[in-house]
Each structure stands twice: as C-alpha cells, then as structure tokens.
Amino acid sequence: MAFWQTQGASSRAATDIESVRARYEASFARFGASADTAIVPGSLGPVAGEWHKSGDDTRVLLYFHGGGFVAGSPESHRGLVAKLVEASGVSAFVPRYRLAPENPFPAAVRDGLDAYRSLIAKGIAAGSILLAGDEAGGGLAFSVALAARNAGLERPGGVAALSPWADLSLSGPSILANRNADSQLAWEQLFVCARAYLKKSNPCDAYASPAFASLKDFSPV
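Residues numbered from 1 in each chain as written. Predicted model: local features only at pLDDT ≥ 70, side-chain atom pairs only at ≥ 80, totals over all residues. Heavy atoms only, no water.

## Focus: the overall build of the chain
Here comes step 1: Across its full length, the chain carries seven helices and six strands.
Here comes step 2: In the chain, the order of α-helices and β-strands from amino to carboxyl end is α-α-β-β-β-α-β-α-β-α-β-α-α.
Here comes step 3: Against the compact-globule benchmark of 17 Å for 221 residues, the chain has a radius of gyration of 17 Å, which places it among compact chains.
Here comes step 4: Principal axes of the C-alpha set define a box for the chain whose edges measure 50 × 40 × 30 Å.
Here comes step 5: The long-range fraction of contacts in the chain, counting pairs at least 24 apart against all pairs at least 6 apart in sequence, stands at 81%. (Helix = DSSP H or I, 4+ residues; strand = E, 2+ residues; numbered from the N terminus. Rg over C-alpha atoms; globule rule 2.2 N^0.38 Å. Contact = heavy atoms within 4.5 Å.)

Below you can see the structure in the form of structure tokens.
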C-alpha cells in the first residue's frame, strides 16, 4: 500500500480543496503579469486553452500548467509562459485540462494526449513539439509523452519539466525529511491533491506517477 494511503493529513494545513486552490493561486501570483506576447483563445481538438503566438508557427511548446491537478489555469501561468515564448521564439499552447476532484485521473492525461494528437493532425511535426510544464504539469508532460509512446504515436521532440511532480505515492523519504525546510509545498497539501486526483486509482500507476514508468525509447528530457 502506498505511503499516502496509510497516513492522515496533519492539522498543519487545511484539507479542503478550496483552501488548497487559494494557496496555489497566491503562489502563482509570483509569475507576474504576462509580457508583450499575443495571447489568443483557442482549442486543440476538444481541449480549450490559450495560444501564445510568436513568429515561428512550425514549432510548438505544449505547456501544462501546475497546480497539483486541482488548481491553476492558462490564465494563472500567462506570465511564466510568455517569458518562455519570448526566450525561445516558439509559439505555445496552454491546455485548459480538466481538474480534480471534479474530473479525476486519467482525465488530465487524456486531455493532454488529445491536444498532442490535434497538433500532429494540424501538420505540426511531432519532433517540433516540446511537452513542458511545472510541478503537476511537469509530471503531466511526462505522462502524455508516455501515453503517446505507448499509443504508437511519433514521439515529441522533447520533454522539459520544472520541478515535476512525478510520484503521487509520496513515498520518497526526502518528502518527509525536508518537510520543515520546504518553503513552497507542504506534505499535507500534496496529500490532499493526490487523494483528489487519484480517487481510487493506484498512485503507482505509471500514467499518474511517471517516476514508476520505463523510459525506454523516450523523448529527450
């Protein structure tokens, strides 16, 4: 049985989803306002989101926002994504993937894979697509690349993850050893997010926790 299933959340952090979402929104405020990039609402297949346009439409950054799978949006990450687009000169699409607990695992993975398939259907070469994200979105980038590989699709050009949350079992010893020194995320907050996202799914499922996946024939990371 996974560690997070055997431990109760401590009273050190609020355990309701709305409190967790408010904490994430306050954290995202540090990204600042979006820079001078053109932001256009759009969709890839059934997945809505936002485009950050640059001069190069032949390459695409498919960026998954963070937020513990329960919070965040294309709007919350406009500042961060705009900086990436300015630095790279590559257009980006930020999917509005479905959030838990209203839409638990594997809804987010399915949305990410649908968006990736749609980019390829639009004529974007798979090798010109970079899957990226922060925190839960970083883990999701790995999960989508894994799903694409296992579905027999052409693999994306690469995966770029900022502090990816890739182990929802919360079983690594460092997560407790460093709990008092971590200024950003509390174990209790991650526990609430994992429980909301996974429901009754196995936290060691590779599509939920790509840390447990084989990365054979995987895209460059």
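## Details of helix 3 (residues 78-88)
Helical geometry note: an α-helix holds 3.6 residues per turn, so side chains three or four residues apart project in the same direction.
Here comes step 1: Along helix 3, the positions that sit buried rather than exposed are Gly 79, Leu 80, Val 81, Ala 82 and Val 85.
Here comes step 2: Where the residues of helix 3 are buried, they touch strand 2 (47-53), strand 3 (56-64), strand 4 (90-95) and strand 5 (129-134).
Here comes step 3: Just past helix 3, the residue Gly 89 takes up positive phi, approximately 75°. (Buried < 20%, exposed > 50% of the residue type's maximum accessible area, 1.4 Å probe, protein only.)

## Comments concerning the pairing of strand 2
Here comes step 1: Burial runs high along strand 2: five of the seven residues are buried.
Here comes step 2: Across seven bridges, the pairing between strand 1 (residues 38-44) and strand 2 is antiparallel. For Val 40, the partnering residue across the bridge sits in strand 2 and is Trp 51.
Here comes step 3: Here strand 1 folds back onto strand 2, and the loop between the two strands holds two residues, one of which, Gly 45, carries a positive phi near 60°. (Pairing = 2+ DSSP bridges.)

## What about the side chain of Asp 134?
Here comes step 1: Position of Asp 134 among the secondary structure elements: in strand 5.
Here comes step 2: Look at Asp 134: it is buried, it has no salt bridge, and the nearest opposite charge is Arg 30 at 6.0 Å.
Here comes step 3: Among all residues touching Asp 134, those that are not within four sequence positions of it are Tyr 63, Phe 64, His 65, Gly 66, His 77, Leu 80 and Leu 162. (Lys, Arg positive; Asp, Glu negative; His and termini not counted. Salt bridge = Lys/Arg side-chain N within 4 Å of Asp/Glu carboxyl O.)

## With respect to the packing of helix 4 (residues 107-121) against helix 5 (residues 136-150)
Here comes step 1: Relative orientation of the contacting elements helix 4 and helix 5 amounts to 65°, with a least axis distance of 9 Å. The handedness of the crossing between helix 4 and helix 5 comes out as right-handed. Residue-level inspection shows Ala 108, Val 109, Gly 112, Leu 113 and Tyr 116 of helix 4 in contact with helix 5, the latter providing Leu 140, Ser 143, Val 144, Ala 147 and Ala 148.
Here comes step 2: Of the residues belonging to the contact of helix 4 with helix 5, the class tally is eight nonpolar, two polar and no charged. (Axes fitted to C-alpha atoms, helices over the stretch in contact; angles between N-to-C directions. Left-handed = near helix turned anticlockwise from the far one by under 90°. Nonpolar A, V, L, I, M, F, W, Y, C, P; charged D, E, K, R; others polar.)

## Observations regarding the packing of aromatic side chains
Here comes step 1: Overall, the coordinates contain nine aromatic pairs when judged by the stated rule.
Here comes step 2: When the ring of Phe 69 is compared with that of Tyr 197, the centres are 3.9 Å apart and the planes differ by 5°; the resulting orientation is stacked. You can see Phe 69 sitting in the loop between strand 3 and helix 3 and its partner Tyr 197 sitting in helix 7 (residues 187-198), a full 128 residues away along the chain. Taken individually, Phe 69 and Tyr 197 each receive the classification buried, so the pair is uniform in this respect.
Here comes step 3: When the ring centre of Trp 51 is taken as origin, the NZ or CZ atom of Lys 53, which lies over that ring, is 4.4 Å away. (Phe/Tyr/Trp six-rings, centres within 6.5 Å; stacked < 30°, edge-to-face > 60°. Lys NZ or Arg CZ within 6 Å of the ring centre and 35° of its normal.)

## Digging into the side chain of Gln 189
Here comes step 1: Position of Gln 189 among the secondary structure elements: in helix 7.
Here comes step 2: Ignoring any residue separated from it by four or fewer positions in sequence, one finds Gln 189 in contact with Val 20, Arg 23 and Tyr 24.

Any link to function would need more than the numbers given here.
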